[in-house]
Structures are given as C-alpha cells and as structure tokens.
Amino acid sequence: RVLVALDSCFSGAGGRSVLQKGTRPLVSKADLGSSSDLGKLVVFTASAGNQISGTFDSQGHGLFTYYFLKGLDGAAVNAQGGVSAKGLYDYLFPKVADEANRGNRTQSPQLLTGLGETEVRLR
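In this convention, every chain numbers its residues from 1, walking through the sequence in written order. Per-residue local features of the predicted model are confined to residues with pLDDT of at least 70, and side-chain atom pairs are confined, for both listing and counting, to 80 or more; whole-chain, interface and lining totals are unaffected and use all residues. Each side-chain value is derived from all of the structure's non-hydrogen atoms; neither hydrogens nor water enter the calculation.

(A) View of the environment of alanine 75. A run of DSSP states H or I qualifies as a helix once it reaches four residues; a run of E qualifies as a strand once it reaches two. Both are numbered from the N-terminal end. Structurally, alanine 75 can be placed in helix α1 (residues 63-75). A residue is classified by how much of its surface remains accessible, and alanine 75, at 38% relative accessible area, is partly exposed. A C-alpha to C-alpha distance of 9.3 Å links alanine 75 and leucine 92, two positions 17 residues apart in sequence. We call two residues in contact when some of their heavy atoms are within 4.5 Å. Setting aside anything within four residues of it in sequence, one finds alanine 75 in contact with Lys70 and Tyr91. Buried means the residue's accessible area, taken with a 1.4 Å probe over protein chains only, is under 20% of the maximum for its type, while exposed means over 50%, and partly exposed covers the values in between.

(B) Fine view of the nonpolar core. Within the largest apolar cluster, 20 residues are counted, with the highest numbers of intra-cluster contacts made by Phe44, Tyr67, Leu88 and Leu92. Those elements that place two or more of their residues in this core are β3 (41-45), α1 and α2 (85-102). With sequence-adjacent residues up to four places away left out, leucine 92 is seen in contact with Phe44, Phe64, Tyr67, Phe68 and Pro109. Definition used in this section: a nonpolar core is a set of buried Ala, Val, Leu, Ile, Met, Phe, Trp, Tyr and Cys residues joined via side-chain atoms within 4.5 Å.

(C) Quick look at the pattern of salt bridges. Each salt bridge in this description consists of a side-chain nitrogen of Lys or Arg and a carboxyl oxygen of Asp or Glu lying within 4 Å of one another. Summed over the entire model, instances satisfying the criterion amount to two salt bridges. With a shortest N-O distance of 2.7 Å, lysine 86 and aspartate 90 are connected by a salt bridge. Residue lysine 86 and its partner aspartate 90 are both found in helix α2; the two are separated by four residues, about one turn of the helix. What makes aspartate 90 partly exposed here is its relative accessible area of 42%.

Shown next, in the form of structure tokens:
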C-alpha cells in the first residue's frame, strides 16, 4: 500500500493575494478516476476539489494536517490498538469540518482507496 496525504499551500508572495488569511486554494476540479483506478493507493485530501483548505495557526499546521497527524499518533486508535484508513477519516473529518466552520468556511476532507478498501491498517 501507498499512503498519500494531500494538503495544499499558498505562499501569498508578492502581496497580491485576495484570499482570506489562513486559507489555501486547491485546484478547482480534480478527477482521480474510480476507486478501481487507485490500485494500492490510500489517498487522503485536505478538502473536496471545489473547496479551499485552511490553516490551524495556533497549532502551526494546516487544519487537515494537524488532525491527520494527531489521529495517526493515537487519537484514532481502534479497539484492536491500530489505526485504519476509515478510522482515521472518521476521526479527522468532523474535527476539520467543525474547526473550518468556526472560521465561516466549509472544508470536507476526502478519503479515496483502491477498490473501496477503507479498513486498510495504517498503524
């Protein structure tokens, strides 16, 4: 298996940014194909393709990255003592969505896996 975690960044260099502080644009539309096209990939994205991902300034990370790492570090551990892709997603999705909502934004992390296998053990 190959684990891919995609969070986006935006430098805002040159003072020409029209985006709200702490936001990060993502491509407007990404076609990742069907789950059968992903093969052995487990892909987490910070947001849906039509959303922007934000930062969690107080934690020094992107909002998605903060909860992704926290989940892998044990916050998303299941009854067997491991972390599955689905368990990690189930942990981080509401955390990211709620925190983004506090900033008046919508951010919905996505989980894509080959053949829809979400119980893949990550840790």
